[in-house]
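Structural overview
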Amino acid sequence: MKSIKLVIGLLLMLCCSSIWAQDTSQDKLFVDPVKIDSLKALLDDKRTDDIEKVRLLNEYARLNFYNKNLIEGFTATLEASSLSERIGYKEGEILYHETLAAFLGGSDMVSYHHQKARMLYTQLSKSDSFVVVQVPEGYPYPFNESYHQKMLNTLAHFKDVENKEILATIYDHLGTYYFTTQRFDDLDLVFKKTIEIFEELGELYPMFLYYSYKTYVANMQGDTEEIQRIEQEIQKLVATIQDNKETGPLNFMLANYYTGKEQQTLAVEHYLRCIDFFESIDDYWMLADVYAEMSNLYSNLEMFAKAGEAMDNRIRIIESHDLDLNKYDAYNRAMWTMYDAKNYEKALYYRDRKEELVTKENQEDFLADSFSLEGHILMDQNKYREAIPILEKALEISLRLGRVQSDEWEAYRLSECYYQIKDYKNALQYALKSEELLDPGNSRLKRNLNLILAEIYDALERKNLAYKHLKIYTDLIKESKDEDVASLVMRAEVRSVLDKKEKEIDLLEQEQQLKEQENRAQRLWIISIAGALLSALLVSLILYRNNKNRQKANRILQNQKERIQETLTELKVTQSQLIQSEKMASLGELTAGIAHEIQNPLNFVNNFSEVNSELIEEMKEELDKGNLDEVKAIAKDINENEQKIMFHGKRADAIVKGMLQHSRSSEGKKELTNINTLADEYLRLAYHGLRAKDKTFNATLKTDFDDSIGKVNIAAQDIGRVILNLITNAFYAVDEKKKSGVENYEPTVTVSTHKEHGKLEIKVTDNGNGIPEKVLDKIFQPFFTTKPTGQGTGLGLSLSYDIVKVHGGELKVETTENEGTEFTIILPNS
């Protein structure tokens, strides 16, 4: 019997060679009808054996689908399925799923049928690679009313068919038509019938898929009640999941579903379960898919080290098992993933692997990516002038080839380069070009672009536009939960790593117990025959045994050491990601406070501007009357108002500059800083930020600053983060005590500074519940938090402690339960 790979390959060649585009006034056909007639003749030939007939029927069905002969196509599909079952031809079920995938063409259900076929193929223990059937380019058709009527006729023809999956497959195409024509009532009915069919068949994967479609449509229509109802149905469905062979594909589907819902923690958990399952059955195609999706998820969360790790795993699987994938695209994705992870050596390595696959058709595409990568690396090395001509080449090619999602990034990077060399005119030109090309769904670039526009307009002294883009940037940061999500995702990763290591430890302990049992049994045996052996022989045996045991013990210890080292490496990567998340989260704490602070001076500017406009009109009237004394009085008022406008304008400018400084990454650079101003500013911003989130929150703020301190040489952004963290914790403590219902309680937070014996002290005091003695010695440990799950990463105090230590200082705490807490930052007064 010929292998299915060769058969599918031959059928594919037949299909491809028979593509015959004929434009008529009716329809466009993909297959020469003569080819279909030839296949029909072979099927009618009584000399054709049953297995060959199954193969020909499936090919006959596919060719009919390509020419819109739906009834003939499904009739042949059902006949082939029935014949396969009757003669016990297992490969017939593989062909059945590939035929349904061919009919669907571009639907999401294509992946489902390919996966079904692939798993069946794996179960048959085939040595050659699985090859999917490819459909003609341009298929499926644009779904018009004529094709819609054909689908309805086909449904009516097969309404009593026993194989309900055929009906579900037709409903899928109908759903596409109803969605594109916005017939949402008909679409909802199609979804309902399709879900009912797959529920009857016990196929959970398609049910989740169509529930996700329903959620998308309900969200598009703003129907929150329907979304809640669908989510309840999904929860019921999740409860029915059993740990069996279906959980692998189902977990993959769930992971993709939760990714789309921006519930990344759940998505990662399901991806990790997928990996365990697909590794256990050696399904390398699905493993490659899972790692690709995980890499995308991590990249979207800007967890680039984890994205690179997942991408490395994907490439390793593709190469070691020679998967028939588009390696050019695979190396391209790997190249950019490694660049984002700042692993330039690997990025250039994958660029070189990609170059090996360059053809005449994709040569310019390769050049654009190659120029872009070189330009990006030069930028990271602060070689902006050298990067500009290379990035301009990349942008020129990208625009010419219409490389969407590449050209917008090239323009943004050029804007960054020109900004860094203080060529603000060109910086603005390319930033606006990037904004013009921006994909609305690219939230990461949208944030970056608004920040660079704020910086450019600030440098050009166009304060209103600087504030506008800074406000958009802070709103986007506020809306984004990437930092918190990243922390939760990393915790899921840590939990997965630790779970695996616990299993390994359990296995090692079990092995150790078995070894001990064997040792006891062997010792008893030696003792029982010891009297019969010569003492010299006994000593030799014992020495030999001890030597073997020592070697074995050394091997076990070495293996354990390697496992522990691997775990430590993984946890270090995880910790670095979490630390970055905590640093970014501090910016989110300030956004509402910034908005409040900047609104006040802007209101003054607007109000005094309106008053001046009215005064100018009055001045004109008095001039017409010749009343010079009144004109002079009005002019004096206008001048005073202008002074106020300038004062409040400068205040807004200072806030914008401060926000921009906080938005930029800290390089640990020290500068002379007024510590009193820094502490006062973070106190007010933290307070207004919390008030914006929770209108019920209130507290008395007290300050006691030592004016003799002067300016101190510190890394202002880093110390600012420490002060912000301590103040935020203090607000949380007093708010919790207030919510507990303590009578006559007035929440109070005090920030003070003091200079003594060459040291500078910054104190943050609250009258909250205090810190329990049993946890006091743990508060500076990484990941320790007393806050509920999801409200704290457990890294704030740990990072604060490290920052103060780097400055050569100390971070101390004094607390009394039910009375309050005082944190003291002690710094050298340099």
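All values derive from a computational prediction rather than experimental measurement.

1. Digging into the overall build of the protein
A count of helical and extended segments in the protein gives 30 helices and nine strands. Taken across its 830 residues, the protein has 45% of its residues classed as buried. Residue pairs at least 24 apart in sequence account for 67% of intrachain contacts in the protein once pairs closer than 6 positions are excluded. Here the protein has roughly 43500 Å² of accessible surface; of this, 50% comes from carbon and sulfur atoms.

2. Focus on the environment of G649
By secondary structure assignment, the location of G649 is in helix α26 (residues 628–663). Residue class for G649 comes out partly exposed when judged on its relative accessible area of 29%. Along the primary structure G649 and V605 are separated by 44 residues, whereas in three dimensions their C-alpha atoms are 6.7 Å apart.

3. Notes on a negative patch on the surface
On the surface, E610, E614, E618, E621, D624, D629, E630, D637 and E640 cluster together into a negatively charged patch. When residues of the negative patch are traced back to their parent elements, those giving at least two are α25 (535–625) and α26. At five residues, the largest contribution of residues to the negative patch is made by α25. Looking at the element boundaries, D629 is found in helix α26.

4. Re the packing of helix α18 (residues 363–380) against helix α20 (residues 407–420)
Following both chains from N to C, one finds α18 and α20 inclined at 30 degrees, their axes separated by 11 Å at the closest point. Taken together, α18 and α20 sit at an angle that is classed as roughly parallel. At the point where α18 passes α20, the crossing takes the left-handed sense. Only E410, R413, E416 and C417 of α20 make contact with α18, whose side of the interface consists of S372, H376 and M379.

5. Observations regarding helix α10 (residues 204–220)
Here α10 is 17 residues long and its end C-alpha atoms lie 24 Å apart, about the 24 Å a rise of 1.5 Å per residue gives. For α10, the buried fraction is high: twelve of the 17 residues fall into the buried class. Turning to α10, its buried residues are Y205, P206, M207, F208, L209, Y210, Y211, S212, K214, T215, V217 and A218. Where α10 terminates, the next one or two residues include G222, which has phi positive at roughly 70 degrees.

6. Here's the deal with the confidence of the model for the protein
Overall, the predicted model of the protein reaches an average pLDDT of 77, with 74% of residues at or above 70. Every residue in residues 1–26 is under pLDDT 50, and counting partners more than four places away or in other chains gives 47 contacts. Contacts of residues 526–539 to residues separated by more than four positions or lying in other chains number two contacts, the stretch itself having pLDDT below 50.

7. Some remarks on a nonpolar patch on the surface
On the surface, a cluster of nonpolar side chains totalling about 310 Å² of accessible area is made up of F179, Y216 and M220. By the secondary structure assignment, M220 is in helix α10. Taking the relative accessible area as the measure of exposure, M220 reaches 42% and is therefore partly exposed.

8. Focus: the packing of helix α15 (residues 304–320) against helix α16 (residues 327–340)
As a packed pair, α15 and α16 sit with axes 8 Å apart at the nearest point and diverge in direction by 155 degrees. The orientation of α15 with respect to α16, classified from their angle, is roughly antiparallel. Of the two elements, α15 crosses α16, and the hand of that crossing is left-handed. Contact with α15, carried on its side by F304, A307, G308, M311, D312, R314, I315, I318 and E319, involves K327, A330, Y331, R333, A334, T337, M338 and D340 of α16 and no other residues of that element. Residue composition of the contact of α15 with α16, grouped by class: nine nonpolar, two polar and six charged.

9. What to know about the sheet that holds strand β9 (residues 820–828)
If you walk across this open sheet you meet the five strands as β4-β6-β7-β9-β8, and the pairing is mixed. For this open sheet the edge positions go to β4 (700–704) and β8 (810–816), each flanked by a neighbour on one side alone. For this sheet, the mean inter-axis angle between neighbouring strands, taken without regard to orientation, is 15 degrees. Inspection of the sheet shows strand β7 (residues 759–766) paired to β9 by eight bridges, in the antiparallel sense. Considered in β9, the bridge of V764 is made with F823.

10. Description of the nonpolar core
Counting 65 residues, the largest nonpolar core has Y66, F74 and F103 as its most contacted members. Excluding anything up to four places from it in sequence, F74 contacts F65, L100, F103, T154, F158, I166, T169 and I170. If you look at the next biggest cluster of nonpolar residues, it comprises 40 residues, including I275, L297, I318 and A334.

11. Some details on the packing of aromatic side chains
All told, the structure shown has 21 aromatic pairs when counted by the stated rule. Consider the rings of F65 and F74, whose centres lie 4.7 Å apart with planes at 55 degrees: the pair is tilted. Here F65 matches F74 in class, with each residue buried. On the numbers, 6.0 Å between centres and 85 degrees between planes, the contact of W336 with Y339 is edge-to-face.

12. As for helix α5 (residues 91–104)
The end-to-end C-alpha distance of α5 is 20 Å, a good match for the 20 Å that 14 residues give at a rise of 1.5 Å each. Summarising burial for α5: 13 of the 14 residues are buried, a large majority. With its phi angle positive at about 70 degrees, G105 sits one or two positions after the end of α5.

13. A look at the pattern of salt bridges
Within the structure shown, the criterion is met by 29 salt bridges. Residues R400 and E396 are paired through a salt bridge, measuring 2.9 Å at the closest nitrogen-oxygen approach. One end of the pair, R400, and the other, E396, are both in helix α19 (residues 384–401), four residues apart, so they sit about a helical turn from each other. On the basis of relative accessible area, E396 is assigned to the partly exposed category, the value being 42%. Between E436 and K433 there is a salt bridge, with its nearest N and O atoms 3.7 Å apart. Remark: K433 and E436 occur in helix α21 (residues 424–437); sequence separation between them is three residues, near one turn of the helix. A residue is classified by how much of its surface remains accessible, and K433, at 28% relative accessible area, is partly exposed. Salt bridges here are not isolated pairs; linked through shared partners, they connect D188, K214, E226 and R229.

14. Structural notes on unusual backbone geometry
If you check the backbone angles, N382 has positive phi at about 65 degrees while not being a glycine. Residue position: N382 is located in the loop between α18 and α19. One non-glycine residue, K422, lies in the positive phi region at around 65 degrees. By the element assignment, K422 lies in the loop between α20 and α21. On the basis of relative accessibility, which here comes to 60%, the residue K422 falls in the exposed class.

15. Some words on the environment of A466
Mapped onto the elements, A466 comes out in helix α23 (residues 463–479). Taking the C-alpha atoms as reference, A466 lies 4.1 Å from A454; in sequence the two are twelve residues apart. Residues in contact with A466, not counting those within four places in the same chain, are A454, Y457 and D458.

16. Thoughts on the side chain of K214
For K214, the position within the fold is in helix α10. Contacts of K214, omitting those with residues within four sequence positions, involve D188, F191, I195, E226, R229 and I230.

Rules and cut-offs
Residues numbered from 1 in each chain as written. Predicted model: local features only at pLDDT ≥ 70, side-chain atom pairs only at ≥ 80, totals over all residues. Heavy atoms only, no water. Helix = DSSP H or I, 4+ residues; strand = E, 2+ residues; numbered from the N terminus. Buried < 20%, exposed > 50% of the residue type's maximum accessible area, 1.4 Å probe, protein only. Contact = heavy atoms within 4.5 Å. Areas by Shrake-Rupley, 256 points an atom, 1.4 Å probe, with all protein chains shown as cover. Patch = residues over 30% accessible without salt bridge, like charges linked within 9 Å, V, L, I, M, F, W, Y side chains within 5 Å. Salt bridge = Lys/Arg side-chain N within 4 Å of Asp/Glu carboxyl O. Lys, Arg positive; Asp, Glu negative; His and termini not counted. Charge placed at Lys NZ, Arg CZ, Asp CG, Glu CD. Axes fitted to C-alpha atoms, helices over the stretch in contact; angles between N-to-C directions. Parallel < 35°, antiparallel > 145°, perpendicular 65-115°, else oblique. Left-handed = near helix turned anticlockwise from the far one by under 90°. Expected span 1.5 Å × (residues − 1). pLDDT = per-residue confidence, 0-100. Nonpolar A, V, L, I, M, F, W, Y, C, P; charged D, E, K, R; others polar. Pairing = 2+ DSSP bridges. Core = buried A, V, L, I, M, F, W, Y, C linked by side-chain atoms within 4.5 Å. Phe/Tyr/Trp six-rings, centres within 6.5 Å; stacked < 30°, edge-to-face > 60°.

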